[in-house]
Amino acid sequence: MTTSLHRGRAVLGTVLMSLALPLMLLVALALIPLGHRLSGRRRFGYEVGRRIMRVCWRLLGIRLEQVHRERIEPSRPRVYMPNHESLLDMPQVMSVIPGTAGTLIKEEAFRVPLVGSAFRACGFIPVNRKSPRAARRAFLSAVAEARAGRSFVVAPEGTRSRTGELGPFKTGGFRIAMEARIPVVPITVEGAGALMRPGSWLIHPGVVRITWNEPVETSHLDPKDRAQLADLMRSVRQTMEAGKA
């Protein structure tokens, strides 16, 4: 595909997304209350959102390839940790994880019309980064949900990488796993950064490769032991880097 055709496809796909996504969100928000009443499923909103994202990938010409998907255990809660180099990679990972998974999102995103309502319907947890006390409450809420059987998706870098290389890791997701005594699943995502580059709103068609690496157990770790926390973070980083094709 020539550069001009590729860019034209990206422009067309982005325009289609900008028109279709608000409409799909409106439909989803209308269906969520009805779904709660009829099905009794607390996370009906999550299921609606996942199906919306799958439609989005088709509209954009994005194909997801999964490697070692058999390593996912839907019946066991885990903290899934993907690398983060695009606005696309987190929703891509969440759209293919079986069952429902939570995540922590900065509080400001919940103020965006429609988007904030969708996040709440999916049961995502807002984090106030300016208030240590509020951030602590969000952390404890995530730990309680993980202990009750809910998986979480947490990007350990906390923000997008501008270079494609793994950035410094934050401790939050690792501490959730250690406190809840559930495994960490390192995930290596390749291709998302090239499809939506930092600073650009154009979304290019292409392939995103998601590699599910071997889970790392935490049940034997002491949440208060900083050396064990550092070892866990180092192990997950090495596994994510080794998972690249």
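Let me sum up the structure you'll find in this document. Each chain carries its own residue numbering, running from 1 in the written order of its sequence. Predicted model: local features are reported for residues with pLDDT of at least 70 only, side-chain atom pairs are reported and counted for 80 or more only, and whole-chain, interface and lining totals are derived from all residues. Note that the side-chain values use all heavy atoms of the structure and ignore hydrogens as well as water.

## Some words on the packing of aromatic side chains
As a reminder of what qualifies: Any two rings among Phe, Tyr and Trp, with Trp reduced to its six-membered ring, count as a pair given centres within 6.5 Å; such a pair is stacked if its planes are under 30 degrees apart, edge-to-face if over 60, and tilted if neither. What counts as a helix is a DSSP run of H or I of at least four residues, what counts as a strand is a run of E of at least two, and both are numbered from the N terminus. Only protein chains enter the accessibility calculation, which uses a 1.4 Å probe; a residue whose area is less than 20% of its type maximum is buried, one above 50% is exposed, and one in between is partly exposed.
The tally for this structure, following the rule as stated, stands at two aromatic pairs. With a centroid separation of 5.9 Å and 85 degrees between ring planes, the pair formed by Tyr80 and Trp212 is classed as edge-to-face. You can see Tyr80 sitting in strand β2 (residues 79-82) and its partner Trp212 sitting in strand β8 (residues 206-212), a full 132 residues away along the chain. Residue classification places Tyr80 among the buried residues on the basis of a relative accessible area of 2%. Residue classification places Trp212 among the buried positions, given a relative accessible area of 0%.

## Quick notes on unusual backbone geometry
Of note in the backbone geometry, His68 takes a positive phi value of approximately 60 degrees without being a glycine. Assignment of secondary structure puts His68 in the loop between β1 (62-67) and β2. Its identity as a non-glycine residue notwithstanding, Arg181 has a phi of 60 degrees, on the positive side. In this structure, Arg181 sits in the loop between α6 (172-180) and β7 (184-190).

## Some remarks on empty space enclosed by the protein
Applied cut-off: Only protein atoms enter the 1 Å grid used here. Points where a 1.4 Å probe fits but cannot escape make up a cavity, open sets with protein on both sides within 12 Å along at least five of seven lines make up a pocket, and a residue lines them when an atom lies within 4 Å of a point. Grid points are joined across faces, edges and corners, and a volume is the space filled by probe spheres set on the points. Residues are sorted three ways: Asp, Glu, Lys and Arg are charged, Ala, Val, Leu, Ile, Met, Phe, Trp, Tyr, Cys and Pro are nonpolar, and all the rest, Gly among them, are polar.
The tally for this structure, following the rule as stated, stands at one cavity of 30 Å³ or more. In this structure, the largest cavity occupies an estimated 40 Å³ of space. Around the largest cavity sit Asn83, His84, Glu85, Glu157, Ser161, Gly164, Glu165, Leu166 and Lys244, which together line it. In the lining of the largest cavity, the residues fall into one nonpolar, four polar and four charged.

Note that all results are geometric; they support no functional claim without further evidence.
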